[in-house]
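Residue strings, one per chain:
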Amino acid sequence: MTFHRYHKRNTHGKLKTVMLGSFYPPDYFTFIDDAKVRLPLMKIAQEINQDLDYFEQVLAENNVKVLRPALPTFKQFYEYFVVNQKFLPPPLQPRNNHAVIGTQCYQFDNYPVSATQLISQTLSMYNSNIVDLSVQNRKFYLESIDQVADQCYNKLTNTWYRRQKYNELAGPDWPKFEDYVQGTRSTHDAIQTEMSDFALDFVYNNRDFGPLCAPNIMPTDHSIVVDSNEYCNYADWISTQIKTTLPIISINTTAGHTDGCFVILGNNIIVGINPLIDYKKYFPNYQIISVPAVNYQDYLYHWSTKMSNKIQGAWWVPGEETNQSFTEFVDQYLAEFTGFSAESVFDVNILALDQNTIFVNNNQTAVTGQLNCTGIKTIEIPWRHRFFVDSGLHCITLDLDRE
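Within every chain, residues take consecutive numbers counted from 1 along the sequence as written. In keeping with the model being predicted, local features are shown solely for residues with a pLDDT of at least 70 and side-chain atom pairs are shown and tallied solely at 80 or more, while totals for entire chains, interfaces and linings include all residues. Calculation of side-chain values draws on the structure's entire complement of heavy atoms; hydrogens and water are dropped beforehand.

### Focus on the nonpolar core
Counting 44 residues, the largest nonpolar core has Phe29, Leu41, Phe55, Phe87, Phe359 and Phe388 as the members making the most contacts within it. A helix here means a DSSP run of H or I that spans at least four residues, while a strand means a run of E at least two residues long, and both kinds are numbered starting from the N terminus. The set of elements that each furnish at least two residues to this core consists of strand E1 (15-20), helix H1 (35-61), helix H2 (74-84), helix H11 (324-333), strand E14 (351-354) and helix H14 (386-389). Looking at this core element by element, the count peaks at 9 residues for H1. Judged by nonpolar contacts, the second largest core, of 35 residues, contains Phe140, Trp160, Phe177 and Tyr204. Note on terminology: a nonpolar core comprises buried Ala, Val, Leu, Ile, Met, Phe, Trp, Tyr and Cys residues joined through side-chain atoms within 4.5 Å. Buried residues are those whose accessible area, probed at 1.4 Å on protein chains only, stays under 20% of the maximum for their type, while exposed residues exceed 50% and partly exposed ones sit between those limits.

### Description of the sheet that holds strand E15 (residues 357-360)
When DSSP finds two or more bridges between a pair of strands, those strands are recorded as paired. Here we have 3 strands laid out as an open sheet, ordered E14-E15-E16, and mixed in their pairing. If you trace the sheet from one side to the other, it starts and ends with E14 and strand E16 (377-380), each paired once. Between one strand axis and the next, the sheet turns by 30° as a mean value, whatever way the strands run. Relative to E15, E14 runs antiparallel, the two being bridged by 3 bridges. Paired with Leu351 across the bridge in E15 is Phe359. This element, H1, spans E14, E15 and E16 of the sheet and lies at about 170° to E15. For helices, the fitted line uses only the C-alpha atoms of the stretch in contact; every axis is such a line through C-alpha atoms, and the angle between N-to-C directions lies from 0 to 180 degrees. By the convention used here, residues are in contact when the closest approach between their heavy atoms is within 4.5 Å.

### A word on empty space enclosed by the protein
In this analysis the probe radius is 1.4 Å and the grid spacing 1 Å, with only protein atoms considered; a cavity is a set of points the probe fits into but cannot get out of, a pocket is an open set with protein on both sides within 12 Å along at least five of seven lines, and lining residues have an atom within 4 Å of a point. Grid points are joined across faces, edges and corners, and a volume is the space filled by probe spheres set on the points. Enumeration over the complete set of coordinates arrives at 3 cavities of 30 Å³ or more. Space inside the largest cavity adds up to approximately 140 Å³. Elements with a contribution of two residues or more to the lining of the largest cavity: strand E3 (98-101), strand E8 (217-219), strand E11 (262-265) and strand E17 (397-402). In the lining of the largest cavity, the residues fall into 10 nonpolar, 3 polar and 4 charged. In this structure, the second largest cavity occupies an estimated 70 Å³ of space. Contributions of two or more residues to the lining of the second largest cavity are made by E15 and helix H13 (365-373). Among the elements that take part in the lining of the second largest cavity, H13 stands out by supplying 3 residues, more than any other. Each residue gets one of three labels, nonpolar for Ala, Val, Leu, Ile, Met, Phe, Trp, Tyr, Cys and Pro, charged for Asp, Glu, Lys and Arg, and polar for the others, Gly among them. Of the residues belonging to the lining of the second largest cavity, the class tally is 7 nonpolar, 4 polar and 1 charged.

### Quick word on helix H4 (residues 134-152)
How far a helix is expected to stretch is found by multiplying one less than its residue total by 1.5 Å. Here H4 contains 19 residues, and its C-alpha end-to-end distance of 25 Å stays within 8% of the 27 Å for a straight helix at 1.5 Å per residue. Along its length, H4 shows its largest kink, about 35°, at Asp146. A residue's bend is simply the angle between two axes: one fitted to the seven residues ending at it, one to the seven starting at it.

### Some remarks on H1
Counted at 1.5 Å a residue, the expected span for H1 with its 27 residues is 39 Å, and the 38 Å between its end C-alpha atoms agrees. Think of a polar contact as two N or O atoms within 3.5 Å of one another; within protein, one of them needs to be a possible hydrogen donor and the other a possible acceptor, and neighboring residues in sequence only count if both atoms come from side chains. You can read the cap of H1 off the contacts: a side-chain oxygen lies 2.9 Å from the backbone nitrogen of Lys36, and it is on Asp34. Looking one or two residues past H1, Asn63 carries a phi angle of roughly 65°, positive in sign.

### As for the pattern of salt bridges
The rule for a salt bridge is simple: a side-chain nitrogen of Lys or Arg has to be within 4 Å of a carboxyl oxygen of Asp or Glu. Counting across every chain of the model gives 12 salt bridges. The shortest N-O distance in the salt bridge between Arg138 and Asp109 comes to 3.1 Å. Pair noted here: Arg138 is in helix H4 and Asp109 is in the loop between strand E4 (104-107) and helix H3 (116-126), with a separation of 29 residues, a long-range link. We classify Arg138 as partly exposed; its relative accessible area is 35%.

### Comments concerning the sheet that holds strand E12 (residues 269-272)
Judged by pairing direction, the sheet is mixed, and its 3 strands sit side by side in the order E11-E12-E13 without closing on themselves. The open sheet is flanked by E11 and strand E13 (287-290), the only strands paired with a single partner. In this sheet, adjacent strand axes meet at a mean angle of 20° when their direction is disregarded. Judged from the 4 bridges that link them, E11 and E12 form a sheet pairing that is antiparallel. Looking at the pairing, Leu265 lines up with Ile269 of E12.

### Some points on the confidence of the model for the chain
Here pLDDT means the predictor's own confidence in every residue, given as a number from 0 to 100. Averaged over every residue, the pLDDT of the chain is 89; residues scoring 70 or more account for 91%. Ranking the elements of the chain by mean pLDDT puts helix H10 (residues 301-307) last, at 53, and E1 first, at 98.

### Description of the environment of Asp347
Within the secondary structure layout, Asp347 lies in the loop between helix H12 (335-338) and E14. Each C-alpha atom, one on Asp347 and one on Leu15, is 20 Å from the other, the two residues being 332 residues apart in sequence.

### Some remarks on the environment of Ser325
As for its placement among the helices and strands, Ser325 is situated in helix H11. By relative accessible area, which is 28% here, Ser325 ends up partly exposed. As for Ser325 and Arg162, which are separated by 163 residues in sequence, their C-alpha atoms are 40 Å apart. If we ignore the near neighbours within four places in the chain, the residues touching Ser325 are Asp34, Lys36 and Val37.

Written as structure tokens, this is what we have:
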């Protein structure tokens, strides 16, 4: 029998029930012999748990019911490491594969061994009515890209190209898109220079190329917004999979998770980074509050000068920039913990308590000042290791019930 409801019509109604992720306690890492690795990991675990517990406390103080996924036992955690020579990712990011739309919870992806099962088990205890679309989602994705691979994908360089963007910018003397994909360039210096200037705009990041992710589906009061690459008509697919009478709007930010690009708040407010889409076209009646570029990772001193080149921007732990033992251990055994933080802007990865209140992970006056002028107040939640686990407050939560 179901005792609790799934309910979400938009991203800013009064939050009533939420799942908050879980992370391993410090003592799970005591078996690591090297103190240069063990002690930093134990400190990270302690601080992550402190921040999660504080977030849970603040949510409860605001009359929000909080669910937390169970962790593997230490024995399961250790045995997995011994067998696989890597650590089992924690159930920290419940939004990665699950989304509530209307009165239904959907699962959009799954991995053979991951935290997804632990999150699903906790959700099932809350309400077992979960529609698993993971198989259909992956099948649709593979079939869709297979149809265009010959025209849009270069096997030798393992690169997917953006046909819409190329055709939008291409001059009359440029090669045809299909030829450009396979390496053809112009013999005219001026044209080649122009093409080179746009080269990065013409490619997809392969890390972000895959089946539809749950954070890329955003219900609003008047529509459901779906963010996906141009070769997968996920708007049509969603219309056959999800119970809704709302129109489905397709956008393409070219990003892996849309909540690292912008967030839709109450009072027709959007907080976003430099626009990857035409906001006026898709959200004509919204006020856009831009996150200044100085808030991006590239402008953080230790990130840009010490860590971005060292580990290609994947992660950062303040104070451990010169700890080579720690860096090598993380890259070898904890790659599934870290993600790729260089592509995330955590100032937009925020969670609404209601249409007039949001949770943020740091109070940047340039953004909060503009929000306050619109009547939206902010509650600051410390989230010290977002650059290590590559997740903000939106990623580590899953809103299950909103008024």
